[in-house]
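Residues per chain are reported as follows:
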Amino acid sequence: MSSERQKIDDDSRASQGSSSSSCVEDTTTEPSPSSSECGIVPTLGVSPTDSPTTPISSAGSCEREEEMKRSAVKKRIERYFYQLLEGCGNATCGNRFCASSGKVPALTPDQAAARALQLFAEEAKLCTSVQPSKVARTEDHPSCPSQADFSSDSMACRETGGGGESSCRPSSAMSPSKSHLKSPSSSQSGVEVTTTTTHLDEEVIDNLVRSCIERNSPLALIRSVGAIFSSTDAVARSFRQRAVTPIDLLLRKAPQKDLRNLTKEDLRSLEGDLDKDEDSSCAGREPVPEIHETDVDVKSLRRAVKQLFGLEDEEANQPKNIFPVFEPMNNALQTLATSLKIDLEVTIQKEAIEDIIRIFVVVFEVISIAPAEFLEGGLTKMCSAAASLPVWAQARLAWIWARNSTPILRPILESLQQIITLQVIPSMIPVQDNEVIVNATKLMKIVYYADILAGEVDSVQLREEDAPTTTAADEDLEATARWSFDDVKFTTTAKADPLAQELGVHPIDARKPFMALSEFYNESLSDTIEMDYDYLNYKNMHMDEKNMNKKFCFMLYSFILTPATKTLALYYDSRIRMYSERRINYFTTHLSGQAPNPYLKLKVRREHLIDDALIELEMITMENPKDLKKQLVVEFMGEQGIDEGGVSKEFFQLIVEQIFNPDYGMFINQEDTDTMWFNSMSFENEAQFTLIGIVLGLAIYNNIILAVNFPMVVYRKLLGIRGSFPDLQDWNPKLFRSLKAMLEDDEPDMETVYMQTFEINYQDVFGNVLKHELKSNGRDLFVTQENKREFVDLYSEYLLNVSIERQFSAFRKGFRMVTDESPLGLLFRPEEVELLVCGSKEFDFEELQAATDYDAGYTADTPVIRNFWEIVHALPIENQRQLLEFTTGSDRVPVGGLSRLKMVIARNGPDSDSLPTSHTCFNVLLLPEYETKEKLKRLLLKAISYCKGFGML
């Protein structure tokens, strides 16, 4: 055994570059002056005489020594493996364990692997010049690599100078770039060392760093980084996971004991295990990758890059690089990005694009380690290249990041946000025409979907099918007693995002993303963008889909826009549609000789508000549903006031107060959450709920905020996602916690502890207890460990969907009758729709003061104005709401906060006993110039407390 240990020790030293090894790996030296002048690519290895002097811990030394010994054992077994399969190449070989002797029977790779392990244990004879074949594939097994491909250390022999002694070096399947450099150890004898530079990995970088630290010269490291990271082929070959060989499979299955002491039974068992492995006969081949898989060794890559950049890594026990490499890396990445962009413009082969995807995985891992260093060059260029990826490749990259590279998502996102912000501030052109901003946004979209995929995503089974896509104008709807809202069909202009379709996911599916989706908002861009110009680009793209000179449109990348900016886009869409309807009405009525009706007019009595409004809307919908797209004008019968927006605000406020009153019977109040929910036992028919949906749609369409308080699941259902168990968390927290505790309970006695069957109890509006079976014979089926998940899903499905199917379907139909053609679903997620409907919950009157303008002689420094704001800031929240309603017609805060509310305070004469007044349509407060602060406060509170109605104080 001592001789065997000596052989292993020799192999171990050979792996470190010992000249006594029978297979010597080539190593690097500092380049000679001549090679430097000629621009020869520097080598990647370390000279055989080099030994790193950087101190490392004793534990690290032991681990490294053990790793080298394991590697030496494996290499020796591999030599037996290839000796059995291919022989040594000597036609007169007399070794009975060598294929060249003709004494070895035909073996499969699995049989050869097991036999090699046996020969190793027996210390059998080993030929000194085992040369595996360089044939890439065998004819017998075209789907499998050749035996030579299985070796991780394939050797290609060469003749060294002078002595003619045969030695071996690693060979690459790729075409290497060669550099002829003279080693200090061989310069005296004139022996020239030939090396190949094809890729980087953790070991190569470690050797380079150690060598450069020892020599106190970064030249080899800098040139190697520049050469590799500026070459697409070299980066594509770098940091690859090593293919699994039969030897790997065998060693994994080997018993945990000394390999030299294996019994024949152990060997037969190992051979049998390999035969059972359906993939072992083709080990080492590259299968068709799953969409989220990558053969880049991401963990090894991160450790290597941290060492390269001189950063601390708790997991690695390696010397830190002390030389700057950011500048050459940045320059190399810019060159690489230019090549990638050209390749993507001319390449359509999937295999070539797979290599490009692999390059992006490597490059963005590198950039994410120190993103600030690459903002000005490498990252910007890479954005341009990534923007040229086909949709399927973008989806592939998003999946890879989501499953393998989540730590890089936030650094990459923050870097992209910085690039966009730095470009927006000095930009003198529309942001849609800024190529840097556009490319960064396109790459951010890939990060956005990777963020969604990396978190919790709802099942596609929760999506509801869209209604048929024909327009209501094409239907001949007659106002008859048999007319039904079911006759109305919808059309949708917003098309699905191609990347979302490729991924099979939609932003509304995101339940809990890896990062909050609000982190993708860019405030600077949202404040700078001209949404009228962007909306024009959006409409042109839909009108002329074949136009090759399409302008970039941020509405198709709405994740980067704040809700306030997206609300502005929705405003432009509704106003242009209102103008179109008005123009069409003038034209058609002029030709037919009828009186024009350009507005959606509602005449209602304040005492019979609900009845009048619902009857008016029902008649309008029966005659022509397209009239709902006209601008709303409300008139309270018997009252003064022309509706320029303020009357409509009061109309919606009053109708919401009455409709959502539990006494009305259509909705019930969830006491635990103070939210409104559909009354499943309501006596109202579907038409009434349809009309309520129309009211909600009209509020959004006319840019009016409502005082409704639905749980989030309502907005998810409006956008086409059925309610599920996680939605119970804000719908009924107590029930959610109870069901969650049941799911987490793993005790076997669940059936006797909970005594719960698949029959549930609930109360109607009158307090009567009703029963419902969640499945057939549910009353006799107890909840157990095996079916508890099914029970929770069925229970949630009943509460959130089945029990209110009739009411909510009608409600959603009415909502879609108004919003079906708007880009609402394109721009907004459920939580943003809630913000759009209900407004912001933050009452910051400091923002309102900063945004207020003054007129008719008032300024911010006028004494009465200073007194006014001192009074307002000291008021309780309820009085502040009253002031907001008195001035604007609504007590809700618009999307984006009170800074979005442009209020005007105008002088209304000298000091008097008159109350303050307002023009709610224009957000104007008319304030007399009161002499004292006390008088101002008294009259202001009186005015805001009795402000209902127009001209009826």
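Residues numbered from 1 in each chain as written. Predicted model: local features only at pLDDT ≥ 70, side-chain atom pairs only at ≥ 80, totals over all residues. Heavy atoms only, no water.

S.K.: Break down the overall build of the protein chain for me, with residues and values.
M.R.: When helices and strands are tallied, the protein chain shows 36 helices and 16 strands. For the protein chain, with 953 residues in total, the buried portion stands at 50%. Of all intrachain contacts in the protein chain linking residues separated by at least 6 positions in sequence, the fraction that spans at least 24 positions is 72%. (Helix = DSSP H or I, 4+ residues; strand = E, 2+ residues; numbered from the N terminus. Buried < 20%, exposed > 50% of the residue type's maximum accessible area, 1.4 Å probe, protein only. Contact = heavy atoms within 4.5 Å.)

S.K.: So what's going on with unusual backbone geometry? Residues and values would help.
M.R.: Here F239, not a glycine, exhibits a phi torsion of approximately 55 degrees, which is positive. On the accessibility criterion, F239 (3% relative accessible area) is buried. The backbone of N777 shows a phi angle near 60 degrees, a positive value even though the residue is not glycine. Mapped onto the fold, N777 is located in the loop between β12 (769-773) and α29 (788-800).

S.K.: Run through helix α27 (residues 733-744), naming residues and quoting values.
M.R.: The end-to-end C-alpha distance of α27, which contains twelve residues, comes to 16 Å, matching closely the 16 Å that a straight helix rising 1.5 Å per residue would cover. Its buried side turned inward, α27 meets α26 (728-731), α28 (750-754) and α29. (Expected span 1.5 Å × (residues − 1).)

S.K.: Mind laying out helix α12 (residues 326-346), listing which residues take part and the relevant values?
M.R.: With 21 residues, α12 should reach 30 Å at 1.5 Å per residue; the first-to-last C-alpha distance of 30 Å fits that figure. Looking at the packing, one finds that the buried side of α12 touches α7 (219-229), α8 (232-237), α11 (298-308), α13 (350-369) and α14 (378-386).

S.K.: Got a sec to walk through the sheet that holds strand β13 (residues 853-855)? Specific residues and values, please.
M.R.: Pairing in this open sheet of four strands is mixed, and the strands run β13-β14-β16-β15 from one edge to the other. Each edge of the open sheet carries a strand with a single partner, namely β13 and β15 (917-919). The average angle at which neighbouring strand axes cross in this sheet is 25 degrees, direction not considered. In this sheet, strand β16 (residues 924-927) lies alongside strand β14 (residues 904-907) in parallel orientation, the contact comprising four bridges. Bridging across to β16, A906 finds its partner in L926. (Pairing = 2+ DSSP bridges. Axes fitted to C-alpha atoms, helices over the stretch in contact; angles between N-to-C directions.)

S.K.: Got a sec to walk through the packing of aromatic side chains? Specific residues and values, please.
M.R.: Inspection of the entire model under this criterion finds 32 aromatic pairs. Between the aromatic rings of F360 and F364, the centroid separation amounts to 6.0 Å while the plane-to-plane angle is 25 degrees, which identifies the pairing as stacked. Of this pair, F360 and F364 are both found in helix α13, four residues apart, which corresponds to roughly one turn of the helix. With a relative accessible area of 0%, F364 lands in the buried category. Here the aromatic rings of F667 and F710 are separated by 6.0 Å at their centres, their planes lie at 50 degrees, and the arrangement is tilted. Here the residue F667 occupies a position in strand β9 (residues 667-670), and F710 occupies one in the loop between α24 (686-701) and α25 (712-718), the gap between them amounting to 43 residues. Grouping residues by exposure puts F667 and F710 together as buried. A network of ring pairs unites the aromatic residues F660, F667, W677, F678, F689, F710, Y715, W731, F808 and F811 as a single cluster. One Lys or Arg, K566, reaches over the ring of F828 and ends 5.8 Å from the middle of that ring. (Phe/Tyr/Trp six-rings, centres within 6.5 Å; stacked < 30°, edge-to-face > 60°. Lys NZ or Arg CZ within 6 Å of the ring centre and 35° of its normal.)

S.K.: I'd love a proper account of the pairing of β9, names of residues and values included.
M.R.: Where β9 and strand β10 (residues 675-678) come together, four bridges link them in antiparallel fashion. Its bridge partner being in β10, F667 is matched across the sheet by F678. Where β9 folds back on β10, the antiparallel hairpin that results is connected by four residues, among which D674 adopts a positive phi of roughly 55 degrees.

S.K.: Run through the environment of N585, naming residues and quoting values.
M.R.: Assignment of secondary structure puts N585 in helix α21 (residues 563-592). Between the alpha carbons of N585 and P598 there is a distance of 5.8 Å; along the sequence they are 13 residues apart. When residues no more than four places from it in sequence are discounted, the contact partners of N585 are P596, N597, P598 and K630.

S.K.: Any details on the environment of Q461? Residues and values, ideally.
M.R.: Examined against the element boundaries, Q461 turns out to sit in the loop between β5 (456-457) and α18 (498-503). Separated by 260 residues in the primary sequence, Q461 and I721 have C-alpha atoms spaced 9.0 Å apart.

S.K.: Hey, could you go over the packing of helix α22 (residues 609-623) against α24 for me, with residue numbers and the actual values?
M.R.: As a packed pair, α22 and α24 sit with axes 10 Å apart at the nearest point and diverge in direction by 90 degrees. With respect to α24, the element α22 is oriented roughly perpendicular. Residue-level inspection shows L614, L617, E618 and T621 of α22 in contact with α24, the latter providing Q688, L691, I692, I694, V695 and L698. Counted by class, the contact of α22 with α24 contains seven nonpolar, two polar and one charged residues. (Parallel < 35°, antiparallel > 145°, perpendicular 65-115°, else oblique. Nonpolar A, V, L, I, M, F, W, Y, C, P; charged D, E, K, R; others polar.)

S.K.: Describe the confidence of the model for the protein chain, listing the residues and the values that go with them.
M.R.: Mean pLDDT over the protein chain works out to 75, with 73% of the residues at or above the 70 mark. Low pLDDT (under 50) marks residues 277-288, which in the prediction has 26 contacts with non-local residues, meaning those over four places away or in another chain. (pLDDT = per-residue confidence, 0-100.)

S.K.: Before we move on, can you summarise the pairing of β16 with the specific residues and values?
M.R.: Side chains V924 and L926 project from β16 onto one buried face, and the interleaved L925 and L927 project onto a second face that is buried too. When β15 meets β16, the two strands line up antiparallel, connected through three bridges. Residue pairing for β16: H919 is matched across the bridge by V924.

S.K.: How would you sum up the pattern of salt bridges? Please name residues and give values.
M.R.: Enumeration according to the criterion identifies 36 salt bridges in this entry. Of the charged contacts in the structure, one is a salt bridge between R240 and D295, with a shortest N-O distance of 2.9 Å. Taken together, the positions of R240 in the loop between α8 and α9 (246-253) and D295 in the loop between α10 (264-276) and α11 put the pair 55 residues apart, joining distant regions of the chain. Residue R240 is classed as partly exposed on the basis of its relative accessible area of 26%. (Salt bridge = Lys/Arg side-chain N within 4 Å of Asp/Glu carboxyl O.)

S.K.: Could you give an account of the environment of R511, naming the residues involved and the relevant values?
M.R.: Examined against the element boundaries, R511 turns out to sit in strand β6 (residues 510-512). On a C-alpha basis, the gap between R511 and I452 in space is 8.4 Å, while along the polypeptide they are 59 residues apart. Setting aside anything within four residues of it in sequence, one finds R511 in contact with E456, V457, D458, R716, S724, P726 and D727. Of the polar contacts made by the side chain of R511, one reaches the side chain of S724; its length is 3.3 Å. Reaching out from R511, the side chain makes a polar contact with the side chain of D727 at a distance of 2.8 Å. (Polar contact = N/O pair within 3.5 Å; in protein donor to acceptor, adjacent residues only side chain to side chain.)

S.K.: Describe the nonpolar core, naming the residues involved and giving the relevant values.
M.R.: Among the nonpolar cores identified, the biggest contains 188 residues, and F229 and F360 are the most heavily contacted of them. The element contributing the most residues to this core is helix α17 (residues 435-453), with twelve residues. Setting aside residues no more than four positions away along its own chain, F229 makes contact with L200, V235, F239, M329, A332, L333, L336, V362 and V366. Grouped together as the second largest cluster of nonpolar side chains are 27 residues, V893, M903, Y930 and L936 included. (Core = buried A, V, L, I, M, F, W, Y, C linked by side-chain atoms within 4.5 Å.)

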